[in-house]
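Each chain is listed here by its residues.
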Amino acid sequence: MPNTDSFKRGTVELVVLSVLSQKDMYGYEIVKAVNEKSGGLFTLPLGTLYPIFYRFSENGYITDYDEVVNKRLRKYYHLEEKGRQYYLELLEEYRKVSEGVALLLKAVDENE
């Protein structure tokens, strides 16, 4: 069975930014959205989010705010314009790499 962890690690930032580009979310909501939108093929452990949040916050890509929901305090994350630009850059790079890999695999398949 192939090891997909390295592929996933390289796309975690892109995935998190993609769901945050739709609306502000709290951590567990992001985990659920990633799982649902990927059809369960991409699972994101909650613990992996917080180092990403810290890095994004330090770079000015996201901000956070607290909100009380059903008597519980939740920390929501908001994608800032600088983060949206970073997301678009990552997305473009991902598409280029994906296209290159697809072309390479097609060429290999045609030669078999």
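A brief report on the enclosed structure follows. (Residues numbered from 1 in each chain as written. Predicted model: local features only at pLDDT ≥ 70, side-chain atom pairs only at ≥ 80, totals over all residues. Heavy atoms only, no water.)

**A word on the packing of aromatic side chains**
Each aromatic ring pair is characterised by the separation of its centres together with the angle its planes make.
So, step 1. Under the criterion given, the structure shown has 7 aromatic pairs.
So, step 2. With 5.8 Å between their ring centres and 65° between their planes, Phe56 and Tyr61 make a pair best called edge-to-face. Tyr61 carries the same exposure label as Phe56, and that label is buried.
So, step 3. Between Phe56 and Tyr86, the aromatic rings sit 6.4 Å apart at their centres with planes inclined by 75°, giving edge-to-face as the arrangement. Here the residue Phe56 occupies a position in helix α3 (residues 46–58), and Tyr86 occupies one in helix α4 (residues 81–110), the gap between them amounting to 30 residues. We note that Phe56, like Tyr86, is buried. (Phe/Tyr/Trp six-rings, centres within 6.5 Å; stacked < 30°, edge-to-face > 60°. Buried < 20%, exposed > 50% of the residue type's maximum accessible area, 1.4 Å probe, protein only. Helix = DSSP H or I, 4+ residues; strand = E, 2+ residues; numbered from the N terminus.)

**Things to note about the pairing of strand β2 (residues 62–69)**
So, step 1. Pairing between β2 and strand β3 (residues 72–79): 8 bridges, direction antiparallel. In the strand pairing of β3, Asp64 is matched with Tyr77. (Pairing = 2+ DSSP bridges.)

**Describing the environment of Val16**
So, step 1. Within the secondary structure, Val16 sits in helix α1 (residues 5–20).
So, step 2. Once residues within four sequence positions are removed from consideration, Val16 is found in contact with Leu44, Leu49, Phe53 and Phe56. (Contact = heavy atoms within 4.5 Å.)

**A short note on the packing of helix α2 (residues 27–37) against α3**
Helix-helix packing is characterised by the crossing angle of the two axes and by the distance between the axes.
So, step 1. Running from N to C, α2 and α3 point in directions that differ by 115°, and their axes come no closer than 10 Å. Crossing of α2 against α3: the hand is right-handed. Contact with α2, carried on its side by Gly27, Tyr28, Ile30 and Val31, involves Leu46, Leu49, Tyr50 and Phe53 of α3 and no other residues of that element.
So, step 2. Grouping the constituent residues of the contact of α2 with α3 by class yields 7 nonpolar, 1 polar and no charged. (Axes fitted to C-alpha atoms, helices over the stretch in contact; angles between N-to-C directions. Left-handed = near helix turned anticlockwise from the far one by under 90°. Nonpolar A, V, L, I, M, F, W, Y, C, P; charged D, E, K, R; others polar.)

**Points about α2**
So, step 1. Among all positions in α2, only Gly27, Glu29, Ile30, Val31, Ala33 and Val34 are buried.
So, step 2. Immediately beyond the C-terminal end of α2, within one or two residues, lies Gly39, with a positive phi of roughly 65°.

**A look at the environment of Val31**
So, step 1. Counting through the fold element by element, Val31 comes out in helix α2.
So, step 2. Spatially, the C-alpha atoms of Val31 and Leu41 are 12 Å apart, while their sequence positions differ by 10 residues.
So, step 3. What Val31 contacts, discounting residues up to four positions off in sequence, is Leu44, Leu46 and Leu49.

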